[in-house]
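Below, each chain spelled out in residue letters.
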2 protein chains.
Amino acid sequence: MVNKVKFDREKVIKKAGILFWQKGFSATSTRDLQTTVDMRPGSIYAAFGSKEGLYSEALKNYAEQLKTLLATHLSSSASILEGLHSFVQAVLEDSEPGCEICMLIKANAEFDYSQPLLKNLTNDLLQQFECYLTDIFDTAQKQNELATNHAPLEYARLFQIQFTGLRSYMHRSQSNTISNELVNMMFKLIKDF
Amino acid sequence: MVNKVKFDREKVIKKAGILFWQKGFSATSTRDLQTTVDMRPGSIYAAFGSKEGLYSEALKNYAEQLKTLLATHLSSSASILEGLHSFVQAVLEDSEPGCEICMLIKANAEFDYSQPLLKNLTNDLLQQFECYLTDIFDTAQKQNELATNHAPLEYARLFQIQFTGLRSYMHRSQSNTISNELVNMMFKLIKDF
DNA sequence: GTTGTTTTTGAGCACTCGCTCAAGTTAAAA
DNA sequence: TTTTAACTTGAGCGAGTGCTCAAAAACAAC
């Protein structure tokens, strides 16, 4: 190999991802991207093919990071429910301004079938996350942390609906007090489900 | 008055609203709008001032319609909780393709403070809806339909979070069976809250 | 050095964007 | 019928869009 790329691919994806997350796909211009990742159009298009391509990478990276974060909280907690709880709290507390709403949910809201590639990618990633959650609730039941009158998938759905609604709500009214109240409510609902 | 406008203002707002609802604000082009409302740019800009102006009208109209629908279901039901239940069911069943997610929630997700007018409008309308819901749960408590260990505002928040999350979830996996299950879950959660 | 291959650069293309405004059309009033 | 004021039309403006590609720069191998 004669020459190597100068930029750090992962850093570029992350920076672009935050911009896409804040502004959405269609409201983000390629010039916005050029300045935030400090690359000229030619390099971007050589590396990612298109705006859509870069967005895809960013969304996949986001989903991966979210899973990793959840895994970290699970492995450093005494119980699965505690792990989930601290994960939700962490996500809500650490969210940068304009990034309160899950990027996957924002993507799910933004794309219709006029953008099939991004629509399908979003669906796939959300489906994967649901499977991951289902597995988690399955083991929680097997460890007797959770009642078994509902299937793991139903718990996963409740979790997703609450998580989605909660983050959407906190995007509007940012307040740590309300946030903590609502997270506690969420886990009371899950335990009593 | 020498001459009158030829178009039906309300119909135009409604048609434009559906397009905005499906595609979002920034992904909707003025040319899309022109064809769906069958008006030439000059007339649109004379009547609404800007794309933002037309969107504002459409969003206000949407919020108004949602309130009206809820009021209708409340007044034709035996109890408040039944009214809320049939309202949620109706919204989920009657939603046109691409319109599963509440337009207000989509707007809340789309706008940041680089579009202060639309951001503030969205916040105001969501706040108004929350107040409306709070009043409803207040009377539900006074009519002994609901426990009083939580304030009406807390019930309103739970309702919003569930409603938001539920519609987001149904946008992804459209299935009447799952929808009914999740609505029943939602109202079980509210009753047992 | 010089060569050969890869990456980076940025001017700029073809197109679409939100929007304007002069000209044309309409219809109540005179 | 003519006047007059309001409404509608659509060509098209300037700015911004996603993206391309020839030229310049970078660097390992010789």
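Once a new chain begins, its residue numbering starts again from 1 and follows that chain's sequence as written. Key to labels: chains lettered from A, ligands numbered from 1, both in the order written. With pLDDT at 70 or above as the cut-off, local features in this predicted model cover only qualifying residues; side-chain atom pairs require 80 or more to be listed or tallied, and sums for whole chains, interfaces and linings still use all residues. Values reported for side chains reflect all heavy atoms of the structure, with hydrogen atoms and water molecules removed beforehand.

Trainee: How would you explain the nonpolar core if you had to name every residue and give the values?
Mentor: Joining through side-chain atoms within 4.5 Å is the link that ties buried Ala, Val, Leu, Ile, Met, Phe, Trp, Tyr and Cys residues into a set, and such a set is a nonpolar core. Only protein chains enter the calculation, and the probe is 1.4 Å; a residue is then buried if its accessible area is under 20% of its type maximum, exposed if over 50%, and partly exposed in between. Membership of the largest hydrophobic core comes to 130 residues, with the highest contact counts inside it found for L84(A), F159(A), I190(A), L84(B), F159(B) and I190(B). Excluding residues within four positions of it along the chain, L84(B) makes contact with L70(B), L74(B), L133(B), I136(B), F137(B), F159(B) and F187(B). Any pair of residues with heavy atoms lying within 4.5 Å of one another is described as a contacting pair.

Trainee: So, helix α5 (residues 80–94) of chain A: which residues are in play, and what are the values?
Mentor: The secondary structure listing takes helices from DSSP runs of H or I that are at least 4 residues long and strands from runs of E that are at least 2 residues long, numbered from the N terminus. Helix span, expected: 1.5 Å multiplied by one less than the number of residues in the helix. Under the 1.5 Å per step criterion, the end-to-end length of α5(A) is 21 Å for 15 residues, consistent within 8% with the ideal 21 Å. Buried residues along α5(A) sit in contact with α4 (51–75), α7 (116–142), α8 (152–172) and α9 (176–192) of chain A.

Trainee: Could you give an account of helix α8 (residues 152–172) of chain B, with specific residues and numbers?
Mentor: Taking 1.5 Å as the rise per residue, α8(B) with 21 residues should run 30 Å; its terminal C-alpha atoms sit 31 Å apart, in good agreement. The buried count for α8(B) comes to 19 of 21 residues, which makes it a mostly enclosed element.

Trainee: Any chance you could break down the relation of the copies chain A and chain B for me, citing the residues and the numbers?
Mentor: Structural alignment of chain A on chain B gives an RMSD of 0.0 Å, achieved by rotating through 180 degrees and translating 0.0 Å along the axis. The superposition of one copy onto the other is thereby described by a two-fold rotation axis. Minimal C-alpha separation from the rotation axis in chain A is found for G165(A), amounting to 2.2 Å. Of all interface residues in chain A, 100% are interface residues in chain B too; the two copies therefore contact each other through one and the same surface. Superposition of the copies was done by least squares, using only C-alpha atoms of residues whose pLDDT is at least 70 in both.

Trainee: Quick rundown of the environment of L74(B)? Include the residues and the values.
Mentor: Mapping L74(B) onto the fold places it in helix α4 (residues 51–75). Sequence-wise, L74(B) and F87(B) are 13 residues apart; in three dimensions their C-alpha atoms are separated by 7.9 Å.

Trainee: Help me get a handle on the side chain of N108(B), residues and values and all.
Mentor: Here N108(B) lies in helix α6 (residues 103–110). Identification of polar contacts relies on pairs of N or O atoms within 3.5 Å, with a donor-acceptor requirement for protein atoms, meaning one able to donate a hydrogen and the other able to accept it, and with residues adjacent in sequence counted only if both atoms are side-chain atoms. For N108(B), the side chain forms a polar contact with the main-chain oxygen of S168(A), separated by 3.3 Å. With residues up to four places along the chain from it excluded, the contact list for N108(B) reads I101(A), S168(A), H171(A), R172(A), K119(B), T122(B), N123(B) and L126(B).

Trainee: Lay out the environment of T72(B) with the relevant residues and their values.
Mentor: Relative to the helices and strands, T72(B) is located in helix α4. On a C-alpha basis, the gap between T72(B) and S50(B) in space is 33 Å, while along the polypeptide they are 22 residues apart.

Trainee: Kindly report on the interface of chain A and chain B, identifying the contributing residues and their values.
Mentor: Facing the 34 residues of chain A at the interface are 34 residues of chain B. Note on definitions: buried area is the accessible-area loss of two parts on being combined, 1.4 Å probe, summed for both. By the criterion of area lost to chain B, the three top residues of chain A are R157(A), I161(A) and R172(A), representing 22% of everything that side buries. Linking R172(B) and E130(A) is a salt bridge whose minimum nitrogen-to-oxygen distance equals 3.1 Å. Linking chain A with chain B are 19 residue pairs in polar contact (both at pLDDT 80 or more). Counting residues per element, the ones that place at least two in the side of chain A that touches chain B are α6 (103–110), α7, α8 and α9 of chain A. The biggest single contributor to the side of chain A that touches chain B is α8(A), with 13 residues. Salt bridges are defined as contacts in which a side-chain nitrogen from Lys or Arg sits within 4 Å of a carboxyl oxygen from Asp or Glu.

Trainee: How would you sum up the packing of helix α5 (residues 80–94) of chain B against helix α9 (residues 176–192) of chain B? Please name residues and give values.
Mentor: All names here are of chain B. Orientation is described by axes fitted as lines to C-alpha atoms, over the contacting stretch for helices, and by angles from 0 to 180 degrees between their N-to-C directions. In contact at an axis separation of 11 Å, α5 and α9 are set at 155 degrees when each is read in the N-to-C sense. Between α5 and α9, the angle is such that the two are roughly antiparallel. Relative to α9, α5 is oriented so that their crossing is right-handed. Packed against α5, whose contacting residues are L81, L84, H85, V88, Q89, L92 and E93, the element α9 presents S179, N180, V183, N184, M186, F187, I190 and K191 at the interface. Tallied by class, the residues present in the contact of α5 with α9 amount to 8 nonpolar, 5 polar and 2 charged. Throughout this description, any angle smaller than 35 degrees is read as roughly parallel, any larger than 145 degrees as roughly antiparallel, any in the 65 to 115 degree range as roughly perpendicular, and the remainder as oblique. Crossing handedness: left-handed means the near helix sits turned counterclockwise from the far one by under a right angle, and right-handed means the same turn made clockwise. Put simply, Ala, Val, Leu, Ile, Met, Phe, Trp, Tyr, Cys and Pro go in the nonpolar bin, Asp, Glu, Lys and Arg in the charged bin, and everything else, Gly too, in the polar bin.

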